[in-house]
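Results of the structural survey
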Amino acid sequence: MAENRFILVSTSVLPPVFEGVLLAKQYLADGSATSATMAAKMAGISRNAFYKYRNAVYSYASPNEHRIELSVVLSDKAGVFSGMTAVLSQYGVNLITVNQNPPIDGAAAVSMSVSTEGLCLPLSELLEILKRTDGVISVRVL
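The sections below set out a description of the structure shown in this document. (Residues numbered from 1 in each chain as written. Predicted model: local features only at pLDDT ≥ 70, side-chain atom pairs only at ≥ 80, totals over all residues. Heavy atoms only, no water.)

1. Concerning the overall build of the chain
Which entries qualify depends on this criterion: Numbering of helices and strands starts at the N terminus; helices are DSSP runs of H or I of at least 4 residues and strands are runs of E of at least 2. Atoms counted for the radius of gyration: C-alpha only. Globule rule: 2.2 Å times residue count to the power 0.38. Accessible area is worked out with a 1.4 Å probe on protein chains only. A residue is then buried under 20% of its type maximum, exposed over 50%, and partly exposed in between. Pairs of residues are marked as contacts when any of their non-hydrogen atoms sit within 4.5 Å. We get accessible surface area from the Shrake-Rupley algorithm with a probe of 1.4 Å; when it comes to residues, only the shown protein chains can shield them.
The number of helices and strands found in the chain is 5 helices and 4 strands. Along the chain, from the amino end to the carboxyl end, the secondary structure elements read α-α-α-β-α-β-β-α-β. For 142 residues, the compact-globule estimate of 2.2 N^0.38 gives 14 Å, and the chain exceeds it by more than 25% at 20 Å. By principal-axis analysis of the C-alpha atoms, the chain measures approximately 55 × 35 × 30 Å. Within the chain, the fraction of its 142 residues that count as buried is 30%. Contacts in the chain between residues far apart in sequence, at least 24 positions, make up 61% of those at least 6 positions apart. Accessible surface for the chain amounts to roughly 9500 Å². Of this, 52% is attributable to carbon and sulfur atoms.

Here's what the structure looks like:
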């Protein structure tokens, strides 16, 4: 079986059906559409085109464009993690991945990959706010 090859191509040179497939996939992912037929109709493409290309067309965003890695040390107290994530959410930051280590000596190390696409203030200000959040011992960008 031949290995799949991928190329990165600007949507400006592609037929509009490919953007329609991406849009239909988004409608299904976020719940705006409850079926492939509905998603295709909302995206302005045929159901046949959706099924033909759905497993071959993917959206790409530069991994460094709006993503950062945070290393955080939290106190081992109830509600500290949820308080920190509430602050992130309040300022438009979206969690992508979280890895939390077991607490040692009353502190837990947490590494997070976050999207700052919706961040509504400078990153330096967000880091200062996080540092002042109850139970947050340290925060740094990796």
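Now that the structure has been shown, the text picks up again.
2. Observations concerning the pairing of strand β2 (residues 94–100)
Each regular strand displays side chains that alternate between the two surfaces of the sheet. Using the following cut-off: By this definition, two strands are paired if DSSP reports at least two bridges between them.
In terms of strand pairing, β2 meets strand β3 (residues 107–115) through 6 bridges, oriented antiparallel. Within the sheet, the bridge partner assigned to N94 lies in β3 and is S115.

3. A few points about helix α1 (residues 16–30)
Turn by turn, an α-helix covers 3.6 residues, leaving residues three or four places apart pointing in a common direction. Quick note on the threshold: Multiplying one less than the number of residues by 1.5 Å gives the expected span of a helix. Here the arc refers to the set of directions running from the helix axis out to each C-beta atom.
Under the 1.5 Å per step criterion, the end-to-end length of α1 is 21 Å for 15 residues, consistent within 8% with the ideal 21 Å. Listed in full, the buried residues belonging to α1 are G20, V21, A24 and Y27. Considered in projection along α1, the buried side chains sweep an arc of 120° and stay on one side of the axis. In the segment just after α1, G31 is the residue with positive phi, at about 85°.

4. Considering unusual backbone geometry
Located in the positive-phi region is D105, a residue other than glycine, with phi close to 55°. Among the secondary structure elements, D105 is positioned in the loop between β2 and β3.

5. What to know about helix α5 (residues 123–131)
Those residues of α5 that fall on the buried side of the exposure criterion are L126, L127, I129 and L130. Looking down the long axis of α5, one finds its buried residues gathered within 160° of arc, a one-sided arrangement. Of the surrounding elements, those touching the buried residues of α5 are β1 (67–75), α4 (80–90) and β4 (136–141).

6. Observations regarding the nonpolar core
Worth spelling out the cut-off: Buried Ala, Val, Leu, Ile, Met, Phe, Trp, Tyr and Cys residues that are joined via side-chain atoms within 4.5 Å together make up what is termed a nonpolar core.
Residues L70, V72, L74, M84, M112, L126 and L130 are the most contacted members of the largest nonpolar core, which totals 20 residues. Only β1, α4, β3, α5 and β4 provide two or more residues apiece to this core. The contact partners of M84, leaving out residues within four places of it in the chain, are V72, L74, M112, L130, T133 and V136.

7. Brief notes about the sheet that holds β4
The pairing of strands in a sheet happens through backbone hydrogen bonds and is either parallel or antiparallel. Counted only if it meets this: Only C-alpha atoms enter the line fits that serve as axes; for helices the fit covers just the stretch in contact. Angles between N-to-C directions range over 0 to 180 degrees.
Pairing in this open sheet of 4 strands is antiparallel, and the strands run β2-β3-β1-β4 from one edge to the other. Pairing within the sheet leaves two strands with one partner each, and these edge strands are β2 and β4. On average, each strand axis in the sheet is inclined to that of its neighbour by 20°, with strand direction left out of account. Sheet strands touched by α4: β1, β2, β3 and β4. Its angle to β1, the strand with the most contacts, is close to 145°.

8. Observations concerning the pattern of salt bridges
What counts is decided by this rule: When a carboxyl oxygen of Asp or Glu lies within 4 Å of a side-chain nitrogen of Lys or Arg, that pair is called a salt bridge.
Counted according to the given criterion, the structure contains 1 salt bridge. K131 serves as the salt-bridge partner of E128, at 3.7 Å between the closest nitrogen and oxygen. Taken together, the positions of E128 and K131, both in helix α5 and 3 residues apart, correspond to about one turn of that helix. A relative accessible area of 39% places E128 in the partly exposed class. You can call K131 partly exposed: its relative accessible area is 40%.

9. Quick word on the environment of A78
Position of A78 among the secondary structure elements: in the loop between β1 and α4. Given the relative accessible area of 84%, A78 is considered exposed. Remark: the alpha-carbon pair of A78 and L127, spanning 49 residues in sequence, is separated by 22 Å.

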